[in-house]
Amino acid sequence: MTNVVLVGTLDTKGVEYGWLREELLRAGVEVVMVDTGIMDEPRVPADVPREAVARAAGTELNELRTAADRGAAVTAMARGAEATLLRLHAEGRLHGVLAIGGSGGTSIATRAMRALPLGVPKVMVSSMASGDVAPYVGSADITMMYSVVDIAGINSISAPVLANAVQAVAGMAKAFERASSELRQPARLGEGGRPLIAASMAGVTTIGVDAARERLTELGYEVLVFHVSGTGGRTLETLAGQGIFAGVLDLTLSELADDLCGGILSAGPDRLSAAGRAGIPQVVSLGALDMVKFGPLESLPERVRYRRVRVHNPSITVIRTTGAECAELGRRVAAKLRAATGPTAVCVPLRGLSTLGAPGGPYHDPDADGALFSALREGLRGSAARLYDYDTHINDPDFGRAAADRLHAMIGAEAAAEAAA
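Residues numbered from 1 in each chain as written. Predicted model: local features only at pLDDT ≥ 70, side-chain atom pairs only at ≥ 80, totals over all residues. Heavy atoms only, no water.

A separate point is the pattern of salt bridges. Tallied over the full model, the rule gives 25 salt bridges. Between Glu255 and Arg271 there is a salt bridge, and its shortest N-O distance comes to 2.7 Å. One end of the pair, Glu255, is in helix α11 (residues 254–261); the other, Arg271, is in the loop between α11 and α12 (274–278), with 16 residues separating them in the sequence. The exposure classification of Glu255 matches that of Arg271, with both residues buried. With a closest N to O distance of 2.7 Å, Arg308 and Asp365 form a salt bridge. In this pair, Arg308 sits in the loop between β10 (291–294) and β11 (309–313) while Asp365 sits in the loop between β13 (344–349) and α14 (366–380), placing the two residues 57 residues apart along the sequence. (Salt bridge = Lys/Arg side-chain N within 4 Å of Asp/Glu carboxyl O. Helix = DSSP H or I, 4+ residues; strand = E, 2+ residues; numbered from the N terminus. Buried < 20%, exposed > 50% of the residue type's maximum accessible area, 1.4 Å probe, protein only.)

Printed below as a string of C-alpha cells:
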C-alpha cells in the first residue's frame, strides 16, 4: 500500500493536517502522521507523537518546553523529524511526504525532506514559497507550493491549494511505490545501464570539460554536468554523498575561491568533500580558481575595486585571485583530498586555469598560479592522492580527454579490486 507521511505541528496546524489526512485517504493512500509540535496539545492524533520526534533528536520534549527557546526547539524538532523520516523510509513506510507551514513549519519539514534520497516525492505548501526558497530547498528535489493565504484554517482559498497538493503528492507517491526498486533507490547506473559520472563545469572551463564528457561518453558512461553556481556544487556534493556516482570528474573548483574570498557563488565549506568521504574515485583539477565572482559591477565591494576586475555579464563581475589567496586555496584543496577514502588524482594544467587565465588572457598570472600549485603539492606530500602535471591549459581538449581516461582507469581498478575482495 502507498504511504504518504504528513509531518507538521499538530498543535498550531492540527485542523489543517486533519483535513489533509482525510483528503489523502480519499485519494487512495495510507497516511503516517508525524507530530513536530512543542507547546500546546495536538488537535489530532499522531502515528509518531512529538515525544518520539524529540527523542529521535536526542532530547526530551519537556526539556524543550522548559528551556522556552523557540529557535532551539525548532532546530531540535527538525533534527528529530529528519531522523524519523529516514527511519520510515528505511522501513518502506514512506513513498511520499507532504507538509504545510509558515517559516517555522517549513524549516522543520524541509530539513527532513532534504535528507531523503533523490526521487522520493516531497511537497511543501508554505507561505514562504513566493520568496527565496533556497534555504529550504537546498539541493533537494522538493516541490514548493505557495499557500497564497496564511495557513490558518480551511477556507475558499486554502482548500483548492491544499487539495492540489494532496492530489500531487498522492499521484507521485503511487507512481513511486509502483516503480521498481532500481528506480526508487538511486543507483550508480544511468540510461541503458551506463555508470553515472558527475562533472563540474563553468563557462570558462567548458571546452576542457566538454572534451572530457565526450570521452567518457565514448567509454560507456552517462555524464551529469553541474554548473559551479553555488547550487550546482552543493547538488553535486549531495548526490555524491548518496553514492549514485561511479566516479567524479571535478575539474572546476571556483566555488572554493568564492567561499574563501566572499564571492556570491560559494557552495559552502563542504565543497570537494562528499566523494572523498564516500570513497568514490575522483579526478580533480583546479579550474577557475583564478577568479572570484561578485554581483553587478556597481555592487562590487570597495575592498576589491582596486583588483583586476572584469565584467563577465551584467549580473556577474569577476576579480583575479592573488598569489596569497591561491596559496590558501592550494592548502584547502590539499586538506580536503588528503581526507579522501577512495582513489584520488589531481590533474594540474600548468598553463592556465580558465579562458581568462590562458596565456595572453587578462588573468594570466604564472606567479599566482604557481603559488597555488606549490601549496597543493606541499599539502599532498605523503598522502594517497596522486598529482599529475600537464604542460597545457585546462581548456585544451587533450587535457580533458586525459583527465577522463585517468578517471576511467581508476574506476576500472576499483571495480577489479572489489571483485577480487
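Attention shifts here to the sheet that holds β11. Spatially, 3 strands are ordered β10-β12-β11 in an open sheet, and the strand pairing comes out antiparallel. At either margin of the open sheet sits one strand with a lone partner, and together these are β10 and β11. Direction aside, neighbouring strands of the sheet carry axes that sit 30 degrees apart on average. In the sheet, β10 pairs with strand β12 (residues 316–320) via 4 bridges, with the strands oriented antiparallel. When the bridges of β12 are listed, Lys293 appears paired with Val318. (Pairing = 2+ DSSP bridges. Axes fitted to C-alpha atoms, helices over the stretch in contact; angles between N-to-C directions.)

To continue, consider the state of the cysteines. Using the criterion set out here, one finds 0 disulfides in the structure. You can see Cys261 has no disulfide; the closest cysteine sulfur is in Cys326, sitting 8.5 Å from it. As a non-bridged cysteine, Cys347 has Cys326 as the owner of its nearest cysteine sulfur, 19 Å distant. Overall, the relative accessible area of 0% leaves Cys347 in the buried class. (Disulfide = S-S within 2.5 Å.)

It is worth spelling out the sheet that holds strand β1 (residues 3–8) at this point. Whenever strands of a sheet pair, they do so through backbone hydrogen bonds, lying parallel or antiparallel. With parallel pairing, the 5 strands of this open sheet are ordered in space as β2-β1-β3-β4-β5. The open sheet terminates on both sides in strands that have one partner only, identified here as β2 (30–35) and β5 (143–146). Here the average twist between neighbouring strands, direction ignored, is 20 degrees.

Our focus in this paragraph is helix α4 (residues 70–90). Counting along an α-helix, one turn takes 3.6 residues, and residues three or four places apart therefore face a common direction. If you check α4, its first and last C-alpha atoms are 30 Å apart, about what 21 residues at 1.5 Å a residue would give, namely 30 Å. Buried residues of α4: Ala73, Val74, Ala76, Met77, Ala78, Gly80, Ala81, Thr84, Leu85, Leu88 and His89, and no others. The inward-facing, buried residues of α4 abut β1, β2, α2 (50–56), α3 (61–67), β3 (96–101) and α5 (103–115). With a side-chain oxygen lying 3.2 Å from the backbone nitrogen of Gly71, the N-terminal cap of α4 falls on Asp69. Once α4 finishes, Gly92 follows within two positions and takes phi at roughly 75 degrees, a positive value. (Expected span 1.5 Å × (residues − 1). Contact = heavy atoms within 4.5 Å. Polar contact = N/O pair within 3.5 Å; in protein donor to acceptor, adjacent residues only side chain to side chain.)

Within the element layout of this structure, Thr344 appears in strand β13. Each C-alpha atom of the pair Thr344 and Ala170 lies 43 Å from the other, and the pair is 174 residues apart in sequence. Apart from the residues within four sequence positions on either side, Thr344 is in contact with Gln282, Leu337, Ala384, Ala385, Arg386 and Met410. At 3.1 Å, the side chain of Thr344 forms a polar contact with the backbone oxygen of Gly342.

Following the sequence through the fold, Arg351 ends up in the loop between β13 and α14. When the C-alpha atoms of Arg351 and Gly208 are compared, they prove to be 13 Å apart, with 143 residues separating the residues in sequence. Beyond its immediate stretch of four places on either side in the chain, Arg351 contacts Gly357, Ala358, Pro359, His364, Asp391, Thr392 and His393.

The biggest cluster of nonpolar side chains holds 59 residues, and the ones touching the most others in it are Leu24, Leu98 and Val125. Beyond its immediate stretch of four places on either side in the chain, Leu24 contacts Val4, Leu6, Val29, Val31, Leu98, Val166, Val169 and Ala170. One finds Leu300, Leu353, Leu376 and Leu380 within the second-largest nonpolar core, a separate group that totals 27 residues. (Core = buried A, V, L, I, M, F, W, Y, C linked by side-chain atoms within 4.5 Å.)

Another point: a nonpolar patch on the surface. Together, Tyr146, Val148 and Ile157 make up a nonpolar patch on the protein surface, roughly 260 Å² of accessible area in all. One can find Val148 in the loop between β5 and α7 (158–178). The exposure class assigned to Val148 is partly exposed, which follows from its relative accessible area of 47%. (Patch = residues over 30% accessible without salt bridge, like charges linked within 9 Å, V, L, I, M, F, W, Y side chains within 5 Å. Areas by Shrake-Rupley, 256 points an atom, 1.4 Å probe, with all protein chains shown as cover.)

Let's shift gears to helix α9 (residues 206–218). Taking 1.5 Å per residue as the helical rise, α9 with its 13 residues ought to reach 18 Å, and the 18 Å between its terminal C-alpha atoms agrees with that figure. Gly208, Val209, Ala211, Ala212 and Leu216 are the residues of α9 that are buried. Buried residues of α9 fall within an arc of 155 degrees about the axis and therefore sit on the same side. Buried residues along α9 sit against β6 (196–201), β7 (222–227), β8 (247–252) and α15 (397–420). Phi turns positive one or two residues past the end of α9, at Gly220, with a value near 105 degrees. (Arc of directions from axis to C-beta.)

On their own, these measurements won't tell you what the molecule is for.
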